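Okay, here's what each chain looks like letter by letter:
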Amino acid sequence: MASFVFLTSLLLIFLTPMALWSETLPPPLVYTRGDTVLFKTEGPPREIGHGRQPALSAGARQAVWVEHGDDPARAQLTLCDIALGQAVPLAKTGGYLASPRFSPDGRSIVFLRRTEAGMSELWSVRPGEKPHRLAQAGGQAGDDFFEPVFSPADGRIMYHDMGFLYAMSPAGQVIAKTPLTHFTQGRAGVFTSTDRFVPRPNSTALAFSMPVEGSPLFRKKVPDLSSALFLFDPQSGKVSRLTPKNITAFAPAWTPDGSALTFTGYDDKQAGSAWPFRIWMVRPDQPPVDMGPGEDPMPASGP
């Protein structure tokens, strides 16, 4: 009996930290440090290329990112096979490129193209096929295509133009349009082009970033607004804040199971430094966890 009690106690000593550690382990994700694209699971991150705004496919099998996005003559999307570590050009359409995002099944990618004349367009591409334009800004599609993302439930493409939140079919047809004042108790002009709306997997809830007034320490260091993450419940209409006042948070992205959000941000002590950006993870009703330096974290688009 004494031996059984001892062994049980010993087992708990080892299992409890492991269980707690597994709850805080980051999901597979891609992110950047400067212009270096990194892939991370367990252990140290692995460099897989150079560019900005990476995204990760379902099952973490492929990554995509933008290279030379601010140079219309050189801008391209690059696709990387994670297992092989091989990166190849995916799309080069001319113009300025940004915001590539995998569909939930990982078979297609949408991205933003801006012509040299300033016209915004939403494009789609499948690996091995030619890219094609889904929509052009203006009219029913809205004034722009800021921060496009896929809805994991039905594959709709969601984006905003700082006035409305749109839902578009994969074929390029607008099927829903919601005023952004719906999320701000009627206040207009709140959101910026960098704010992002992300549907929560396995739920009808929606997370988003929004400019807010910073803490007193933040305002001493940065002459601008801070940013926070919020969760919108469409059934109750309730908007709840997910990040504390001492953390500036933006670029949210859900883990595939919808249990947590990754985001870019920094706390008030880091605010105002030359490069304060860090990767964080937050679960609703829990404090954020600092996962180290980096920007643009993106978990897999699906399981």
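About the cut-offs
Residues numbered from 1 in each chain as written. Predicted model: local features only at pLDDT ≥ 70, side-chain atom pairs only at ≥ 80, totals over all residues. Heavy atoms only, no water. Helix = DSSP H or I, 4+ residues; strand = E, 2+ residues; numbered from the N terminus. Rg over C-alpha atoms; globule rule 2.2 N^0.38 Å. Buried < 20%, exposed > 50% of the residue type's maximum accessible area, 1.4 Å probe, protein only. Contact = heavy atoms within 4.5 Å. Areas by Shrake-Rupley, 256 points an atom, 1.4 Å probe, with all protein chains shown as cover. Lys, Arg positive; Asp, Glu negative; His and termini not counted. Charge placed at Lys NZ, Arg CZ, Asp CG, Glu CD. Core = buried A, V, L, I, M, F, W, Y, C linked by side-chain atoms within 4.5 Å. Phe/Tyr/Trp six-rings, centres within 6.5 Å; stacked < 30°, edge-to-face > 60°. Pairing = 2+ DSSP bridges. Axes fitted to C-alpha atoms, helices over the stretch in contact; angles between N-to-C directions. Salt bridge = Lys/Arg side-chain N within 4 Å of Asp/Glu carboxyl O.

*Asks:* Just to check I follow, could you spell out the overall build of the chain for this structure?
*Replies:* The secondary structure content of the chain amounts to two helices and 24 strands. Whereas a compact globule of 303 residues would reach a radius of gyration of roughly 19 Å, the chain reaches 20 Å, a difference of no more than 12%. For the chain, the spread of C-alpha atoms along the three principal axes comes to 80 × 45 × 40 Å. Expressed as a percentage of its 303 residues, the buried residues of the chain come to 50%. Taking contacts inside the chain between residues at least 6 apart in sequence as the whole, the part at least 24 apart equals 37%. Surface exposure of the chain reaches about 14,900 Å², of which carbon and sulfur atoms provide 55%. Side chains of the chain carry 28 positive and 28 negative charges; the gap between the two charge centres is 2 Å.

*Asks:* Please clarify how the nonpolar core should be interpreted in this entry.
*Replies:* Counting residues in hydrophobic clusters, the biggest one holds 28 residues, and the most contacted among them are Phe183, Phe191, Phe197, Phe208 and Leu261. Among the secondary structure elements, those contributing two or more residues to this core are strand S16 (197–199), strand S17 (206–212), strand S18 (226–233), strand S20 (247–254), strand S21 (261–267) and strand S22 (278–282). For Phe208, the residues in contact, after removing those within four places along its chain, are Phe183, Phe191, Arg196, Phe197, Ala228, Leu229, Phe230, Phe232 and Val239. By size, the runner-up hydrophobic cluster in this structure holds 27 residues, among which are Ala55, Val64, Ile109 and Ala300.

*Asks:* What am I meant to see in the packing of aromatic side chains here?
*Replies:* For any two aromatic rings, the description comes down to two numbers: the centre-to-centre distance and the angle of the planes. Applying the stated criterion across every chain, the model contains 15 aromatic pairs. A ring pair is formed by Tyr266 and Phe277, whose centres lie 5.9 Å apart and whose planes are at 70°; its orientation type is edge-to-face. Pair noted here: Tyr266 is in strand S21 and Phe277 is in the loop between S21 and S22, with a separation of eleven residues, a long-range link. The exposure class assigned to Tyr266 is buried, which follows from its relative accessible area of 11%. Centre to centre, the rings of Trp275 and Phe277 are 6.0 Å apart; their planes meet at 85°, and the pair counts as edge-to-face.

*Asks:* Can you walk me through the sheet that holds S22 in this structure?
*Replies:* Each strand in a sheet pairs with another by means of backbone hydrogen bonds, the pair being arranged parallel or else antiparallel. Taken together, four strands build an open sheet; the order of strands is S20-S21-S22-S23 and the sheet is antiparallel. The open sheet has two edge strands, S20 and strand S23 (289–293), and neither has a second partner. Ignoring strand direction, the axes of neighbouring strands in this sheet form an average angle of 30°. For S22 and S23, the ladder comprises four bridges, and the chain directions are antiparallel.

*Asks:* Which parts of the structure should I look at to understand the side chain of Thr93?
*Replies:* Tracing the backbone shows Thr93 in the loop between strand S7 (86–91) and strand S8 (96–102). Not counting the four nearest positions on each side in its chain, Thr93 is found in contact with Phe111, Arg113, Trp123 and Pro131.

*Asks:* What's the story with the pattern of salt bridges in this structure? I'm lost.
*Replies:* Where charged atoms from two side chains of opposite charge come close, those side chains can pair. The tally for this structure, following the rule as stated, stands at ten salt bridges. Among the salt bridges present, the one from Arg156 reaches Asp154, with a minimum N-O distance of 2.9 Å. Taking the shortest distance from any N to any O, the salt bridge between Glu213 and Arg219 comes out at 3.4 Å. Each of the salt bridges in this network shares a partner with another, and the network as a whole consists of Arg101, Glu147 and Arg196.

*Asks:* Looking at this structure, I do not really get the pairing of strand S10 (residues 120–125). What am I missing?
*Replies:* Both faces of the sheet carry side chains from a regular strand, because those side chains alternate between them. Counting buried positions along S10 gives six out of six residues, so the element sits mostly inside the fold. Of the two faces of S10, the one lined by Ser120, Leu122 and Ser124 and the one lined by Glu121, Trp123 and Val125 are each fully buried. Where strand S9 (residues 109–114) meets S10, six bridges bridge the pair, whose relative direction is antiparallel. For Arg114, the partnering residue across the bridge sits in S10 and is Ser120. Sheet topology places S10 next to strand S11 (residues 132–136); four bridges connect them, and they run antiparallel.

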